[in-house]
Amino acid sequence: MESSLILLFMFTSLVVFMLSGAGLAFVLGAIAFISTILLWGPSALIVAVLNTFETMTSESLMAIPLYVLMASILQKSAIIDALYDAMETWFSNVNGGLAVGTIAICTILAAMTGVVGAAVAAMGILALPSMLSRGYHPPLALGAICAGGTLGILIPPSVVTIVYAITAQISIGKMFAAGIVPGLILAASYSAYILVRTWLNPSLAPKPEQAVTVPLSVKLSKLKALILPGLVVIGVLGSIYAGIATPTEAAAVGVLGAAASAIVTRRLSVPMLSEAATDTLRVTAMILWITIGARAFISVFVATGGADSLLNFVETLEASRWIVLGAMVLILIFLGLFLDEIGIILLCVPVFLPIVSALEFDPLWFGVLFMITAQMAYITPPFGYTLFYLKGVLPPGIGIGQVYRGVIPFFLIQVAVLILFALFPGLVTWLPEMMMSNAKP
Amino acid sequence: QGVTKWRMQALWGGGTTPQLYEEKFCERVKQLTGGSLEITPFAGGQIVPAAQAFDAVRGGAFEMMKTFDGYTAGKIPAHGFSSTVPFGFPEADQYEAWFYERDGLAMAKESYEAAGLTYVAPTVYGEEPIHSKVEIRKIADMNGLKGRFVGLASAVMADFGVSVSPLPTSEVYSALDKGLVDFADRGDIKANYEEGLQEVAKFLILPGVHQPSTATAYVANTAAYGRLDDQQKAALEVAAREVSGALRQNIIVDNGEYLRKYEEAGVEIIDLDADDVAEARARAVESWKKAAGEDDLAKRMMESQMSLMQELRLL
Amino acid sequence: MTAIARSVTALNRLLFALAKWLVYAIVLLMLWEVLSRYMLASPTSWAPELAMLIFGPFFLLGGPYLLHLGGHVAVDILSEKATGRFATVLALIGYVLAAVFGAILLWFSVPLAMQSYSYGETSYSAWNPVIWPAKAFLPLASFLLMLQALAEIVLALRGEKV
Ligand code: NA
Ligand code: NA
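Quick caveat: nothing in here was measured; it's all calculated off a predicted structure.

Student: Report on the overall build of chain C, specifying residues and quantitative values.
Tutor: Summing up its helical and strand segments, chain C has six helices and zero strands in all. Taken from N to C terminus, the helices and strands of chain C fall in the order α-α-α-α-α-α. Relative to the compact-globule value of 15 Å for 162 residues, chain C shows a C-alpha radius of gyration of 20 Å, a clear excess of over 25%. If you line up chain C on its principal axes, its C-alpha atoms span 65 × 35 × 30 Å. Here chain C holds 162 residues, and the buried ones make up 56% of them. Long-range pairs, those at least 24 residues apart, make up 71% of the contacts in chain C with a sequence separation of at least 6. When the accessible area of chain C is evaluated, it comes to approximately 7000 Å², of which 73% is carbon and sulfur surface.

Student: Any details on the sheet that holds strand S10 (residues 214-221) of chain B? Residues and values, ideally.
Tutor: Residue and element names in this part refer to chain B. Taking strand neighbours across the sheet as the criterion, the five strands line up as S2-S1-S3-S10-S4 in an open arrangement whose pairing is mixed. If you trace the sheet from one side to the other, it starts and ends with strand S2 (37-42) and strand S4 (117-125), each paired once. Across the sheet, the axes of successive neighbouring strands diverge by a mean angle of 20°, strand direction being ignored. Here strand S3 (residues 64-67) runs beside S10; their pairing, made up of four bridges, is antiparallel. Its bridge partner lying in S10, Met65 is registered against Val219. Strands S4 and S10 of the sheet are contacted by helix H3 (residues 92-100), whose axis makes an angle of about 155° with S4.

Student: Tell me about the UniProt feature "transmembrane region" (unreviewed entry) in chain C, residues and numbers included.
Tutor: Residue and element names in this part refer to chain C. Under the local residue numbering, the UniProt record ascribes the feature "transmembrane region" (unreviewed entry) to residues 12-32, 52-75, 87-110 and 130-157. Taken end to end, residues 87-110 comprises 100% helix and 0% strand; its first and last C-alpha atoms sit 35 Å apart. Annotation note: span residues 130-157, helix share 93%, strand share 0%, distance between end C-alpha atoms 44 Å.

Student: How would you explain unusual backbone geometry if you had to name every residue and give the values?
Tutor: Omega for the peptide link from Pro156(A) to Pro157(A) comes to -5°, which places this bond in the cis form. Structurally, Pro157(A) can be placed in the loop between helix H9 (151-154) and helix H10 (159-168). Cis geometry marks the peptide bond from Leu206(B) to Pro207(B); its omega dihedral reads -10°. As for its position among the elements, Pro207(B) is in the loop between strand S9 (203-206) and S10. Backbone geometry at Ala78(A) places phi at a positive 70°, although glycine is not the residue there. Residue placement: Ala78(A) occurs in the loop between helix H4 (63-76) and helix H5 (79-91). In this structure, Gln169(A) takes a positive phi of about 55° despite not being glycine.

Student: Account for the interface of chain C and chain B, with residues named and values stated.
Tutor: Counting from both sides, the interface comprises 16 residues of chain C and, opposite them, 21 residues of chain B. A buried area of about 1500 Å², summed over both sides, lies between chain C and chain B, and 53% of it is on carbon and sulfur atoms. Counting across the chain C and chain B interface gives one salt bridge. Here Lys75(B) makes a salt bridge to Glu121(C), at a shortest N to O gap of 3.4 Å. Here chain C and chain B share three residue pairs in polar contact (both at pLDDT 80 or more) between them. Counting residues per element, the ones that place at least two in the side of chain C that touches chain B are helix H2 (22-38) and helix H5 (84-119) of chain C. The class makeup of the residues in the side of chain C that touches chain B is six nonpolar, six polar and four charged.

Student: How would you summarise the interface of chain C and chain A if you had to cite specific residues and measurements?
Tutor: With 51 residues of chain C at the interface, the matching set in chain A holds 65 residues. Between chain C and chain A, roughly 5400 Å² of surface is buried when both sides are summed, and carbon and sulfur atoms account for 82% of that area. If you look at where chain C meets chain A, you find one salt bridge. The tally of links between chain C and chain A comes to six residue pairs in polar contact (both at pLDDT 80 or more). Among the elements that line the side of chain C that touches chain A, the one with the most residues is helix H3 (residues 47-69) of chain C, at twelve residues.

Student: Go over empty space enclosed by the protein with me, naming the residues and quoting the values.
Tutor: Counted by the stated rule, this structure contains four cavities of 30 Å³ or more. Looking at the largest cavity, its volume works out to about 90 Å³. Surrounding the largest cavity, 13 residues form its lining, Ile240(A), Ala245(A), Glu171(B), Ser174(B) and Lys178(B) being those nearest its centre. Listed by contribution, the elements that provide at least two residues to the lining of the largest cavity are helix H13 (227-241) of chain A together with helix H6 (172-177) of chain B. Tallied by class, residues from the lining of the largest cavity come to seven nonpolar, four polar and two charged. In this structure, the second largest cavity encloses a volume near 60 Å³. Along the walls of the second largest cavity sit Ala32(A), Phe33(A), Thr36(A), Trp40(A), Ala44(A), Leu45(A), Val47(A), Ala48(A), Ala296(A), Ser299(A) and Val300(A), which together make up its complete lining. Secondary structure elements with two or more residues in the lining of the second largest cavity: helix H2 (24-40), helix H3 (46-56) and helix H15 (270-303) of chain A. If you tally residues by element for the lining of the second largest cavity, the top one is H2(A), at four residues. Taken together, the residues of the lining of the second largest cavity sort by class into nine nonpolar, two polar and no charged.

Student: Outline the state of the cysteines, listing residues and values.
Tutor: This model, assessed by the stated rule, comprises zero disulfides over all chains. Between Cys106(A), a cysteine without a disulfide, and Cys146(A), which holds the nearest cysteine sulfur, the sulfur-to-sulfur distance is 9.7 Å.

Student: Outline the pairing of S2(B), listing residues and values.
Tutor: Of the pairings in the sheet, the one linking strand S1 (residues 4-9) of chain B to S2(B) comprises six bridges and is parallel in character. Bridging across to S2(B), Lys5(B) finds its partner in Glu38(B).

Student: I'd like to hear about the side chain of Thr84(B), residue by residue, with values.
Tutor: Mapped onto the secondary structure, Thr84(B) falls in the loop between S3 and H3. Setting aside anything within four residues of it in sequence, one finds Thr84(B) in contact with Phe68(B), Tyr95(B), His210(B), Gln211(B), Pro212(B), Ser213(B) and Thr214(B).

Student: I'd like to hear about the environment of Glu264(B), residue by residue, with values.
Tutor: Topologically, Glu264(B) is positioned in helix H10 (residues 230-264). Taking C-alpha positions, Glu264(B) is 13 Å from Leu204(B), a pair spaced 60 residues apart along the chain.

Student: Tell me what's going on with H10(A), and back it up with residues and numbers.
Tutor: Residues and elements named next belong to chain A. Across the ten residues that make up H10, a large majority, eight, are buried. Where H10 begins, one side-chain oxygen reaches toward the backbone nitrogen of Val160, 3.4 Å away; that side chain belongs to Ser158. Just beyond H10, the residue with positive phi is Gln169, at close to 55°.

Student: Lay out the nonpolar core with the relevant residues and their values.
Tutor: Core analysis: the biggest nonpolar cluster contains 290 residues, and Tyr67(A), Tyr164(A), Trp289(A), Phe366(A), Phe62(B), Phe87(B) and Trp288(B) have the highest contact counts within it. The dominant element in this core, judged by the number of residues it contributes, is H15(A), at 19 residues. Beyond its immediate chain neighbours, meaning those up to four positions away, Phe366(A) contacts Tyr164(A), Leu325(A), Met328(A), Leu332(A), Phe352(A), Leu353(A) and Val356(A).

Student: An account of the sheet that holds strand S7 (residues 163-164) of chain B is requested, with residue identities and associated values reported.
Tutor: Residues and elements named next belong to chain B. Sheet architecture is open: six strands sit in the order S7-S6-S8-S5-S9-S11, paired in mixed fashion. The open sheet is flanked by S7 and strand S11 (268-271), the only strands paired with a single partner. Pairing of strand S6 (residues 146-148) with strand S8 (residues 183-184), which is carried by two bridges, proceeds in the parallel orientation. From the neighbouring strand, Gly147 faces S8, where its bridge partner is Phe183.

The rules behind each value
- Residues numbered from 1 in each chain as written.
- Chains lettered and ligands numbered in written order.
- Predicted model: local features only at pLDDT ≥ 70, side-chain atom pairs only at ≥ 80, totals over all residues.
- Heavy atoms only, no water.
- Helix = DSSP H or I, 4+ residues; strand = E, 2+ residues; numbered from the N terminus.
- Rg over C-alpha atoms; globule rule 2.2 N^0.38 Å.
- Buried < 20%, exposed > 50% of the residue type's maximum accessible area, 1.4 Å probe, protein only.
- Contact = heavy atoms within 4.5 Å.
- Areas by Shrake-Rupley, 256 points an atom, 1.4 Å probe, with all protein chains shown as cover.
- Pairing = 2+ DSSP bridges.
- Axes fitted to C-alpha atoms, helices over the stretch in contact; angles between N-to-C directions.
- UniProt positions renumbered as here; feature names shortened; annotations may be inferred.
- Buried area = accessible area lost by both parts, 1.4 Å probe.
- Salt bridge = Lys/Arg side-chain N within 4 Å of Asp/Glu carboxyl O.
- Polar contact = N/O pair within 3.5 Å; in protein donor to acceptor, adjacent residues only side chain to side chain.
- Nonpolar A, V, L, I, M, F, W, Y, C, P; charged D, E, K, R; others polar.
- 1 Å grid on protein atoms, 1.4 Å probe; cavity = no way out; pocket = protein on both sides within 12 Å on 5 of 7 lines; lining within 4 Å.
- Points joined across faces, edges and corners; volume = space filled by probe spheres on them.
- Disulfide = S-S within 2.5 Å.
- Core = buried A, V, L, I, M, F, W, Y, C linked by side-chain atoms within 4.5 Å.

Laid out in structure tokens, this is it:
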């Protein structure tokens, strides 16, 4: 069968089956199988199995369950509660203080864990009720939680970053380093927005009628809450950058740190470890079964010549490289509305990266742009993970519509920051270059 | 007569030098057959990971592959000897001579026969370098260091006292940078320069004793191969032998050019003493024997190589 | 039929519950590797490789029961709003695709796993373990996925769960 017809079939059926609500893994896999038979004959189906064997023995992908486990143990170990408690003491007397504090905690959590769910779920349980009871405008509170929760994608360690680095064949450590500055800039931008907005309109996030005075000694002692998270951050990132461990091994160090924290907070127990293992297997199986399907899909796409013709098409375009880049980013944002990030990476990166290289852009920098679009995807309806996580903890009287409204300004900030990094690649590449090549001539 | 269309899964990434030579190979086959055999090459990992191509060709997904036998040495022990032998032939020409002037080619064909695959011809080229953060002047200096090696080299280097970590290729740069390992192998001299290893390892050790000479191979599905006519079969052999020489010479010239670039980047190039390497080769024989184990073909390949080495006064 | 479907689900639930503990084995192996390389300056040849051999079976065995839990990523714009027969049809599409996916993986992985066994295939590393046991989990998990998908079809048609 004509390969362009097969390509057409692949993408139409992808859209149709995806809309049916079938699991993405199986949609991708089944379409890949049918297309392989049409293009190549049934004997070529073996390709999917061979790709799966390779997936099963990837040292780097093995980091995924380890980071998920670490996040899950931390979430159950109550150190987030202690952090929140400390933050409330420090920030509550400022307009918008709790929302800014939420961003601050999310930043700390982002540096500890590699998964978004932990931060959003914890803040939904801790920060949301306390902001609402203080009379915060619900969309502002909800937006801050959603946006803050996604910081974990950019700020290392991060599972999404790992999958990108593996797919793009870049060093995970380097890719992690690239996310630090952009992640902190995003966090600062969210905070600045909240402060300016509540300064202009204090009723959105009122401070308590009577300022609660907490003695400085109490305030200082609450800072103890920072010790455990600090140790975990140092354990994970430190062991990567001090040359003690690979990113995968560092995740195991992180699990150890999380378990130690749980011992300190007296939450470590067999049922707790069992629940954490359940969470871990759920998330890991979900990501890796998609990987199986996506790899099958991509190999047929390449075999049809689809990847080559796309590259040729882009190369013959007279358009400037920036227009092509813009188009790729728009496609990523668009896909992010419907699709999960891991799926997008597995599908788009093998196709986009040759284009990125041909246009002489830096794949590392493109990776950061990618992670920002992934953050957008996490907070935009209809398919945004953070929205799902929050749905479960919304108090009565607050609908998902308020969440949708709340994320809009944060989405716009992400757009602005995305453009900033696109225009000033140095913001992204400076740190990894400094950290990774101290011996550069 | 109609045109036969084949697909070939190759080893290397798109745009790399060896992959350009795979494209030349396909061009040449087309030319030599008057257009009756058209082979489409797919870059490494585009359809299946290079290490899995064996089963893909066996299963009929491709008619042909360019492979590195080392990937299948876990299945077929003889492939440890038809791909690269740590401390083996120091010159690529000597290794290629073993294939064509001795029984190397015949035994390589034998190794694939039972799997329903036909070994067409090897592509033989020279060493891959060792990059080190610490000074290594003699083989004995490697004892006690942490190194990154894969495959048979990891076992042999372990026998020489190296603590071996089989890290993924993508992590070699940062593993060296952060001191996770003291020294490492990765790819060839040019590819490693392009990865930036000169920034993180101040010493480049030659010869790369862990991989002094290398053979990759064109291997076809036997059923598909059987349907070719004699001209097409001959074209595959001729084109393969041309590519082997051409790629090897290209690498020789590139190596010269890139070694200068390493020096300009402040890397010291250390040439190990030939007698030291020869002495280590004699010791490596024990590791080879372990790798060959009880496998008849592997033992025959090893003995055939050793006898040529003795005649060449390498052993 | 429903009884069989329930036992398939129970089997996969059990395997999920057993497999999930493997993640702790992976953690311990990786920690041991860090410790022996950094503290004892002698990396093991086996710990990371053993962890990798466990990793495949770990995530593969999670897949079938995840199907029952509805935990595979999906776009639920339509299915969320669908009711009645339409909802059943949508659910069936998903399960049929999953069954096809499992069946094809099974069909093609069985010969490869058997071949690996008959070759006595090893990883050809310094440790050099046989690798067919890890490979064998792909046909096993594919088979279980297919069974679970069929079980879900039965349950959906009986109106037991949509
Ligand atoms: Na993170
Ligand atoms: Na979205």
